[in-house]
Amino acid sequence: MSRYPLGKYERDTITSRTGKKLSEITLEEVKKGNIQADDIKISQETLRRQGEVALEADNPSMAANFERAAELVNVPDDVILAMYNKLRPNRSTKLELVQMAQELLEKYGAVNCAKLVMEAVEIYEKRGILL
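Quick notes on the rules
Residues numbered from 1 in each chain as written. Predicted model: local features only at pLDDT ≥ 70, side-chain atom pairs only at ≥ 80, totals over all residues. Heavy atoms only, no water. Axes fitted to C-alpha atoms, helices over the stretch in contact; angles between N-to-C directions. Helix = DSSP H or I, 4+ residues; strand = E, 2+ residues; numbered from the N terminus. Parallel < 35°, antiparallel > 145°, perpendicular 65-115°, else oblique. Left-handed = near helix turned anticlockwise from the far one by under 90°. Contact = heavy atoms within 4.5 Å. Nonpolar A, V, L, I, M, F, W, Y, C, P; charged D, E, K, R; others polar. Buried < 20%, exposed > 50% of the residue type's maximum accessible area, 1.4 Å probe, protein only. Core = buried A, V, L, I, M, F, W, Y, C linked by side-chain atoms within 4.5 Å.

Chemist: Teacher, can you tell me more about the packing of helix α5 (residues 77-86) against helix α6 (residues 94-108) here?
Modeler: Running from N to C, α5 and α6 point in directions that differ by 150°, and their axes come no closer than 11 Å. Comparing the axis directions of α5 and α6 gives the class roughly antiparallel. α6 is crossed by α5, and the crossing has left-handed handedness. Residues V79, M83 and K86 of α5 touch α6, and the partners they reach there are L97, M100, E103, L104 and Y108. For the contact of α5 with α6, a count of residues per class yields six nonpolar, no polar and two charged.

Pasting the structure below:
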């Protein structure tokens, strides 16, 4: 069980994507040049721990959001931005969205994100907001 907020109580146990502990990421270390941009990006583990906190607080919807966010940690930013644009109403065909879900699943192992995209395909199709 993690103590919330993680940033206050778990500073020595949570790490960034590069493995730096939160307690090691200080203004002093930034000034020394020891902290790079990638050092402040969140890790899958931290997002999953946030999801555990959400479950402990009886918030399964938020826990699912943290799980999907954890899946997206290793997806390049430009891919995420392209996906965001494709998911806007009247921006994509059904095939484009299905292909996006396949890419999430096969290339990035983002099972829950792919499932969410497929749910969007069904809803978009019912509402007539596909190209």
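Chemist: Quick question: what am I supposed to make of unusual backbone geometry here?
Modeler: Note: most residues except glycine have negative phi, and most peptide bonds are trans. We note that D58 has phi near 60°; this positive angle belongs to a residue other than glycine. Structurally, the position occupied by D58 is in the loop between α3 (44-56) and α4 (60-72). The exposure class assigned to D58 is exposed, which follows from its relative accessible area of 66%. In this structure, N90 takes a positive phi of about 60° despite not being glycine. For N90, the position within the fold is in the loop between α5 and α6. On the basis of relative accessible area, N90 is assigned to the partly exposed category, the value being 42%.

Chemist: What exactly am I supposed to notice about the nonpolar core here?
Modeler: Across soluble globular proteins, you tend to see nonpolar side chains buried next to one another. Counting 17 residues, the largest nonpolar core has V79, M83, L97, M100, L104, V117 and Y124 as the members making the most contacts within it. Sorting the residues of this core by element identifies α5, α6 and α7 (111-127) as the ones contributing at least two each. Per-element tally for this core: the top contributor is α7, with six residues. In this structure, Y124 is in contact with L87, R88, L97, I129 and L130, ignoring residues within four places of it in sequence.

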